[in-house]
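Here are the chains, one letter per residue:
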Amino acid sequence: MGSGDRWLAVGAAVAFEFVSGAAGASWSGNSQLAYVDPGTGSFILQALVAALAGIVVTLNIYWSKIKGFMGFGSKPTDAENSNSFDSADD
Amino acid sequence: MIERALGSSFRDPSGYLFERDGVLLRQIQRCYAPHYDSLMTSGLYTELVDRSLLIPHEEVADTGGEAYRTLQPERVAFVSHPFEWSFSQLQDAALTTLRIARTALRHGMILKDASAYNVQFHRGAPIFIDTLSFEKYEEGAPWVAYRQFCEHFLAPLALMSYRDIRLGQLLRVHIDGIPLDLTRALLPRRAWLSVNLFMHIWLHAGYQRRYRNTSERVRVRPIGKKSLENLIHSLESLVGKLRWRAAGTEWAEYYAGDSYTESGSDDKCEIVARYLDCAKPASIWDLGANTGAFSRLAIERGIPTVAFDVDPACVDRSYREARRAGETRLLPLLLDLTNPSPAFGWAHAERASLIERRSADLVMALALIHHLAISNNVPLVRVADLFAELADRLIVEFVPKCDPKVQQLLANREDVFPDYTREGFEVAFGSRFEIEERTPIRDSERTLYLMRRWSADSKRATSPP
């Protein structure tokens, strides 16, 4: 891991401690049917990414609201329309 | 009664697939019973099947021993591999997987694997085929399949979108997804401007590297259900926004080119349509289908067709058109016929080769022969051999040397093809097929043929050349 990587990993870990507030807790469950190797790094990272994703989702919601309030609501582009999936049914 | 376990179904202890007298069945082991019951009673199965996200099945009444249940799933007509999909197909398969993961959480279950091989194209749309991929959700549990999703779907999509469409073929080498450190090394710096890509690939690869030699059991933080939903939402948002623009590939503008005059093109359509009406095949493989203009003649006649082409732009366009039109019988796939998909995975038996998956009784090869015989130096008789191995009937177009397209191929190379003539073509193909009809295409020097493979009896009776 290069020095830049280390710096980011440290920053991310600090951010995680800040947002999760769950220091010391751990999940002790163990599924006997989880035959796929989750990967140790992937397993550990996941909680961090899930927390960061929560922040991104929240920021996006507020950003859309601010844009809407200012009258800059974005119209979907043709490319977005051509996506085979719409999310309205969920 | 002949039973045969499928070579692809051995990793998951929950059950396995097998064939009994040609019928595809799935045995569920007793250890999976609580999860299967939860799938069926929680409403998850019904919702997924109603939304055409999961393959439906019927329970077969012959359990005993280790088996908790035996299921007969609806059969997918043609099983394709993820590296045979275009960008949009892989993207749709990824979004289908995430939708299922989100729906499962809502019903108190979780997806325990996220292999791209668990998705197939069935009746024109992606569908999840592994009924045993669900387990009961336990509060605080992380998503075990997160790494697999990133490596099977996100990595190839990001590489195709940000670097080069051809990098999707890395899935052919890496059967369990493209390693994230490789993906990170190949992606351009601008990819990291996306917060989601930065998290799911850059940071993810870093964490994998940091913990790769860990031998002790790690403490994993509990992840709340809401956080898991956020994780899946961020993947959905990322995957849904990835784009690939098919500009400048070789074939996407073929029909706008100068191969045919308008009347010649209409004439070719009429002849192919007449041949199809005469042959009445149950299913078709269209080799070198381009954007599927002639496959659609088959589709209009209700004939399921797999439309193969080497150009990712053509396949992508064909797929998106089919989705838009709600076309259920057309399956466009990516294939380089000069190097077709091999049998691969464990003991060469995990995933089947192209020939092992042959499913059509008629092959169409229109405007293809010159690419095989001249660009790739395949002797005509070997082309005939391959087609004869694939199907009984054949609609094939011969493009002679005087055609502008062949002239183009020969412009800067030695013409080492003395047998590449109409007569040479008929001799080569006549040794494998009976020529039923030959029709010249108006305003061109090209000829269309309808052929039928010699059976052992007919060959003896008529003794072809």
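Residues numbered from 1 in each chain as written. Chains lettered and ligands numbered in written order. Predicted model: local features only at pLDDT ≥ 70, side-chain atom pairs only at ≥ 80, totals over all residues.

Section: the overall build of chain A
Assigned secondary structure in chain A consists of 3 helices and 0 strands. The order of α-helices and β-strands along chain A, N terminus first, is α-α-α. (Helix = DSSP H or I, 4+ residues; strand = E, 2+ residues; numbered from the N terminus.)

Examining the overall build of chain B
Assigned secondary structure in chain B consists of 16 helices and 16 strands. The C-alpha radius of gyration computed for chain B amounts to 25 Å, which stays within 12% of the reference 23 Å derived for 465 residues, consistent with globular compactness. In terms of principal-axis extent, the alpha carbons of chain B reach across some 75 × 55 × 40 Å. Look at the contacts in chain B between residues 6 or more apart in sequence, and 68% of them connect residues 24 or more apart. (Rg over C-alpha atoms; globule rule 2.2 N^0.38 Å. Contact = placed C-beta atoms within 7 Å.)

Brief notes about the pairing of strand β10 (residues 284-287) of chain B
Residue and element names in this part refer to chain B. Residues I284 and D286 of β10 are buried on one face, and the alternating residues W285 and L287, pointing to the opposite face, are buried as well. Bridging between β10 and strand β11 (residues 305-309) involves 4 bridges; their strand directions are parallel. Each bridged residue has a counterpart across the sheet, and for D286 the counterpart in β11 is A307. As for the winding sense of the linkage, the β-α-β connection from β10 through helix α10 (residues 295-300) to β11 is right-handed. Pairing between β10 and strand β13 (residues 362-365): 4 bridges, direction parallel. By the bridge assignment, I284 is partnered in β13 with L362. (Buried ≥ 20, exposed ≤ 12 C-beta atoms within 10 Å, placed from the backbone. Pairing = 2+ DSSP bridges. Right-handed = clockwise from strand over helix to strand, strands pointing away.)

Digging into helix α2 (residues 40-70) of chain A
Helix length check: α2(A) (31 residues) gives 45 Å between terminal C-alpha atoms against 45 Å at 1.5 Å per residue, within 8%. Just past α2(A), the residue G71(A) takes up positive phi, approximately 85 degrees. (Expected span 1.5 Å × (residues − 1).)

Topic: the confidence of the model for chain A
Regions with low pLDDT should not have their predicted coordinates read in detail. All names here are of chain A. A residue-level look at chain A finds 42% of positions with pLDDT of 70 or above and a mean pLDDT of 63. Per-residue pLDDT, averaged within each element of chain A, yields its smallest value for helix α3 (residues 78-81) (40) and its largest for α2 (85). Below a pLDDT of 50 lies the segment residues 17-24, which in the model reaches 8 contacts outside its immediate sequence neighbourhood of four places, other chains included. Below pLDDT 50 for its whole length, residues 76-90 participates in 11 contacts with residues either more than four positions away or in separate chains. (pLDDT = per-residue confidence, 0-100.)

Quick look at the sheet that holds strand β12 (residues 330-334) of chain B
All names here are of chain B. Spatially, β12-β11-β10-β13-β14-β16-β15 is the arrangement adopted by the 7 strands of the open sheet, whose pairing is mixed. Two strands close off the open sheet at either side, each with one partner strand: β12 and β15 (433-440). Taking each pair of neighbouring strands and ignoring which way they run, the sheet shows an average axis angle of 20 degrees. Sitting on the sheet, helix α15 (residues 422-430) touches β14 (393-398), β15 and β16 (447-453), and the angle it makes with β15 is about 150 degrees. (Axes fitted to C-alpha atoms, helices over the stretch in contact; angles between N-to-C directions.)

So, the sheet that holds strand β1 (residues 3-5) of chain B
Residues and elements named next belong to chain B. Within the open sheet, the 5 strands sit side by side as β1-β2-β3-β5-β4. Their pairing is antiparallel. One side of each edge strand has no neighbouring strand; the edge strands of this open sheet are β1 and β4 (57-60). The sheet shows a mean angle of 35 degrees between the axes of neighbouring strands, taken without regard to direction.

So, the domain arrangement of chain B
Residues and elements named next belong to chain B. Per the domain assignment, the segments making up chain B are domain 1 (3-73), domain 2 (82-241) and domain 3 (254-462). Computed from C-alpha coordinates alone, the two centres of domain 1 and domain 2 are separated by 24 Å. In this complex, domain 1 contributes 22 residues to the contact, which on the side of domain 2 involves 18 residues. The element best represented in the side of domain 1 that touches domain 2 is helix α1 (residues 33-41), accounting for 4 residues. (Domains from an automatic or database assignment.)

Examining the packing of α2(A) against helix α7 (residues 195-210) of chain B
When two helices pack together, their arrangement is given by the angle between the helix axes and the distance between those axes. Where α2(A) contacts α7(B), the two axes come as close as 9 Å, and the packing angle between them is 160 degrees. With respect to α7(B), the axis of α2(A) lies roughly antiparallel. The handedness of the crossing between α2(A) and α7(B) comes out as right-handed. Here α2(A) contributes G41(A), S42(A), I44(A), L45(A), V49(A), L52(A) and V56(A) to the contact with α7(B), which in turn contributes V195(B), M199(B), H200(B), L203(B), H204(B), Y207(B), Q208(B), R209(B) and R210(B). Here the contact of α2(A) with α7(B) is built from residues that sort into 9 nonpolar, 5 polar and 2 charged. (Parallel < 35°, antiparallel > 145°, perpendicular 65-115°, else oblique. Left-handed = near helix turned anticlockwise from the far one by under 90°. Nonpolar A, V, L, I, M, F, W, Y, C, P; charged D, E, K, R; others polar.)

A few points about the packing of α2(A) against helix α8 (residues 225-241) of chain B
Two elements in contact, α2(A) and α8(B), have axes separated by 8 Å at closest approach and are oriented at 75 degrees. Of the possible angle classes, the one that applies to α2(A) and α8(B) is roughly perpendicular. Contacts between α2(A) and α8(B) involve Q46(A), V49(A), A50(A), A51(A), A53(A), G54(A), V56(A) and V57(A) on the former and, on the latter, S227(B), L228(B), N230(B), L231(B), H233(B) and S234(B).

Some thoughts on helix α3 (residues 87-106) of chain B
Residue and element names in this part refer to chain B. The end-to-end C-alpha distance of α3, which contains 20 residues, comes to 29 Å, matching closely the 28 Å that a straight helix rising 1.5 Å per residue would cover. Taking burial as the measure, the 20 residues of α3 include 16 buried ones, the bulk of the element. Two residues or fewer past α3, G108 is found with a positive phi of approximately 75 degrees.

Focus on the environment of F387(B)
Residue and element names in this part refer to chain B. Relative to the helices and strands, F387 resides in helix α13 (residues 380-390). According to the C-beta neighbour criterion, F387 is buried, with 23 such atoms within 10 Å. Once the C-alpha coordinates of F387 and A325 are considered, the two residues, 62 residues apart in sequence, prove to be 30 Å apart. Sequence-distant contacts of F387, defined by excluding residues within four places in its chain, comprise V363, A365 and L394.

Let's talk about unusual backbone geometry
All names here are of chain B. The phi dihedral of H348 falls on the positive side, at around 60 degrees, and the residue is not glycine. Mapped onto the fold, H348 is located in the loop between β12 and β13. Since 12 C-beta atoms lie within 10 Å of it, H348 is described here as exposed. Even without being glycine, D443 reaches a positive phi, approximately 60 degrees. Residue class for D443 comes out partly exposed when judged on the 14 C-beta atoms lying within 10 Å of it.

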